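# What the coordinates show
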Amino acid sequence: MTKIEQEDGPEKDFKYAYNHVHCAPMLCYLANQLNIKTEKAEKDIADQHLQMMSEAKKFRDNYLPYADVEVAMSRLIKN
């Protein structure tokens, strides 16, 4: 697991960072870089006209669970 160490705080892992992204387009970018398709999610979320943080939460909860990100990252690291 990748750790993020802050100068004056505890270590945080990538899951912590993933869960604190409040921007659905950034999550889409992450997914696309990991070769996870997001077209359906992007359309579904855009059609709902949600607030930015609500979009990100909906994207994480319904379209890009962390388990999928972790599997894709592991694959990427192994290659």
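Residues numbered from 1 in each chain as written. Predicted model: local features only at pLDDT ≥ 70, side-chain atom pairs only at ≥ 80, totals over all residues. Heavy atoms only, no water.

Glancing now at the packing of helix 3 (residues 39-48) against helix 4 (residues 52-62). Where helix 3 meets helix 4, the closest approach of the two axes is 11 Å, and the angle between their N-to-C directions is 145 degrees. Judged by the sense of rotation from one axis to the other, the crossing of helix 3 with helix 4 is right-handed. Along the contact surface, helix 3 presents Ala41, Ile45 and Gln48, while helix 4 presents Glu55, Lys58 and Phe59. Considered class by class, the residues forming the contact of helix 3 with helix 4 number 3 nonpolar, 1 polar and 2 charged. (Axes fitted to C-alpha atoms, helices over the stretch in contact; angles between N-to-C directions. Helix = DSSP H or I, 4+ residues; strand = E, 2+ residues; numbered from the N terminus. Left-handed = near helix turned anticlockwise from the far one by under 90°. Contact = heavy atoms within 4.5 Å. Nonpolar A, V, L, I, M, F, W, Y, C, P; charged D, E, K, R; others polar.)

Where helix 2 (residues 24-33) contacts helix 4, the axes come no closer than 8 Å and their chain directions differ by 35 degrees. When helix 2 is examined against helix 4, the residues Ala24, Leu27 and Cys28 are found in contact with a partner set consisting of Glu55, Ala56, Phe59 and Arg60. Here the residues of the contact of helix 2 with helix 4 sort into 5 nonpolar, no polar and 2 charged.

Counting residues in each nonpolar core, the largest one holds 16 residues, and the members touching the most others are Tyr18, Leu27, Leu34, Ile36, Phe59, Leu64 and Val69. The element that contributes the greatest number of residues to this core is helix 5 (residues 66-78), accounting for 4 residues. Leave out the neighbours within four places in its chain, and Tyr18 touches Leu27, Leu30, Arg60, Leu64, Pro65, Tyr66 and Val69. (Core = buried A, V, L, I, M, F, W, Y, C linked by side-chain atoms within 4.5 Å. Buried < 20%, exposed > 50% of the residue type's maximum accessible area, 1.4 Å probe, protein only.)

Let us look at the side chain of Arg60. Mapped onto the secondary structure, Arg60 falls in helix 4. As a buried residue without a salt bridge, Arg60 has its nearest oppositely charged side chain in Asp61, at a separation of 5.4 Å. In this structure the side chain of Arg60 is engaged in a polar contact, spanning 2.6 Å, whose partner is the backbone oxygen of Val21. Setting aside residues no more than four positions away along its own chain, Arg60 makes contact with Tyr18, Asn19, Val21, Leu27 and Pro65. (Lys, Arg positive; Asp, Glu negative; His and termini not counted. Salt bridge = Lys/Arg side-chain N within 4 Å of Asp/Glu carboxyl O. Polar contact = N/O pair within 3.5 Å; in protein donor to acceptor, adjacent residues only side chain to side chain.)

Coordinates in, geometry out; function isn't part of it.
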